[in-house]
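Structural overview
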Amino acid sequence: MTAVATLHVLIVEDEPIFAATVRRYLEWKGHSVAVARDAGEALRQHRAHPADVALIDLALPGTDGLAVLRQLREDSKAPECLIVTGRGTFDAAVEATRLGAADFVGKPCDFADMDARIERALQRRAAGLSPLPQAPLSLDEVERRHIGTVLQKAGWHQGRAARLLGISAKTLYRKIREYGFQRPRHGPDA
């Protein structure tokens, strides 16, 4: 990883061999690592020493990883959370994303891939794009962000952006005014 030299990683995993393997790898990469075998231990460890990243198994004794994810993401020092599981379903991945998981990784996982996913999650956090803000986004905010993203992808060509959005150019023009978008300036006066 290049963006962050040393991370504190919390592994929430009840399979001791998998947890030990991931721990050894992350420590070899220079990170500090804590392992929790259940939800209660994970929350205690995070409160004592807040993690930058949490790797959470979906199936845990007494609860599931989604409950741990929910509780960690409510903390004021919420880590970036990645669900790591061998029993994932599409519905579980959707729910994990809705709850704020930065990624959903299947077991067995490639360590280089896991590194890349951790790095992307931390880059999104540094850019202020963490998956779940403290309060859920309003529908207007989701629409505003989506339109802004499409406008950027279309190079601010409103006709092209309107086609990509599936709306008329007139509707897009109204939305641009409504949301207060300003076309970026280029050149010597920018």
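Residues numbered from 1 in each chain as written. Predicted model: local features only at pLDDT ≥ 70, side-chain atom pairs only at ≥ 80, totals over all residues. Heavy atoms only, no water.

Digging into the packing of aromatic side chains
- As enumerated under the stated definition, the model contains four aromatic pairs in all.
- Ring centres of Tyr25 and Trp28 lie 5.9 Å apart, and the angle between their planes is 35°; this geometry places the pair in the tilted category. Highlighted residues: Tyr25 and Trp28, both in helix α1 (residues 16-28), separated by three residues, approximately one helical turn.
- By relative accessible area, which is 67% here, Trp28 ends up exposed.
- Between Tyr179 and Phe181, the aromatic rings sit 6.2 Å apart at their centres with planes inclined by 70°, giving edge-to-face as the arrangement. When sorted by exposure, Tyr179 lands in the same class as Phe181, which is buried.
- Pairwise contacts between aromatic rings join Tyr25, Trp28 and Phe111 into one cluster.
- Sitting over the face of the ring of Phe18, Lys107 holds its NZ or CZ atom 4.5 Å from the ring centroid. (Phe/Tyr/Trp six-rings, centres within 6.5 Å; stacked < 30°, edge-to-face > 60°. Helix = DSSP H or I, 4+ residues; strand = E, 2+ residues; numbered from the N terminus. Buried < 20%, exposed > 50% of the residue type's maximum accessible area, 1.4 Å probe, protein only. Lys NZ or Arg CZ within 6 Å of the ring centre and 35° of its normal.)

Some details on the sheet that holds strand β6 (residues 80-85)
- The strand order across the open sheet built from five strands is β2-β1-β3-β6-β7, with neighbouring strands paired in parallel fashion. Two strands lie at the open edges of the sheet, namely β2 (32-36) and β7 (103-106), each paired on one side alone. Mean inter-strand twist for the sheet, computed between neighbouring axes without regard to direction, equals 20°.
- In this sheet, strand β3 (residues 53-56) lies alongside strand β1 (residues 8-12) in parallel orientation, the contact comprising four bridges. Across the sheet, the residue bridging to Val12 is Ile56, located in β3. (Pairing = 2+ DSSP bridges. Axes fitted to C-alpha atoms, helices over the stretch in contact; angles between N-to-C directions.)

Observations concerning the nonpolar core
- Ranked by internal contacts, the top residues of the largest apolar core, which has 22 residues, are Leu10, Val12, Ile56, Val68, Leu69, Leu72 and Ile83.
- What Leu10 contacts, discounting residues up to four positions off in sequence, is Ala34, Ala36, Ala42, Gln45, His46, Ala51, Val53, Ala54 and Leu55.
- With 21 residues, the next largest nonpolar core counts Val9, Phe18, Leu82 and Ala121 among its residues. (Core = buried A, V, L, I, M, F, W, Y, C linked by side-chain atoms within 4.5 Å. Contact = heavy atoms within 4.5 Å.)

Quick look at the side chain of His8
- Mapped onto the elements, His8 comes out in strand β1.
- Under the relative-accessibility criterion, His8 is labelled buried at 9%.
- Polar side-chain contacts of His8 include one of 2.9 Å to the side chain of Ser32.
- Ignoring any residue separated from it by four or fewer positions in sequence, one finds His8 in contact with Ser32, Val33, Ala34, His49, Pro50, Ala51, Asp52 and Val53. (Polar contact = N/O pair within 3.5 Å; in protein donor to acceptor, adjacent residues only side chain to side chain.)

Remarks on the packing of helix α6 (residues 139-153) against helix α8 (residues 169-179)
- Their axes nearest at 11 Å, the elements α6 and α8 cross at an angle of 115°. The element α6 and its partner α8 pack so that their crossing is left-handed. Residues Asp140, Glu143, Arg144, Ile147 and Leu151 of α6 touch α8, and the partners they reach there are Leu172, Lys175, Ile176 and Tyr179.
- Across the contact of α6 with α8, the residue classes tally to five nonpolar, no polar and four charged. (Left-handed = near helix turned anticlockwise from the far one by under 90°. Nonpolar A, V, L, I, M, F, W, Y, C, P; charged D, E, K, R; others polar.)

Examining the pattern of salt bridges
- Counting across every chain of the model gives 11 salt bridges.
- Across the salt bridge formed by Glu95 and Arg98, the nearest N and O atoms sit 2.7 Å from each other. Highlighted residues: Glu95 and Arg98, both in helix α4 (residues 90-99), separated by three residues, approximately one helical turn.
- Judged by its relative accessible area of 52%, Arg98 falls in the exposed class. (Salt bridge = Lys/Arg side-chain N within 4 Å of Asp/Glu carboxyl O.)

Digging into the environment of Cys109
- Along the chain, the position of Cys109 falls in the loop between β7 and α5 (111-126).
- Residues Cys109 and Thr85, 24 residues apart in the sequence, show an inter-C-alpha distance of 9.0 Å.
- Beyond its immediate chain neighbours, meaning those up to four positions away, Cys109 contacts Phe18, Val84 and Met114.

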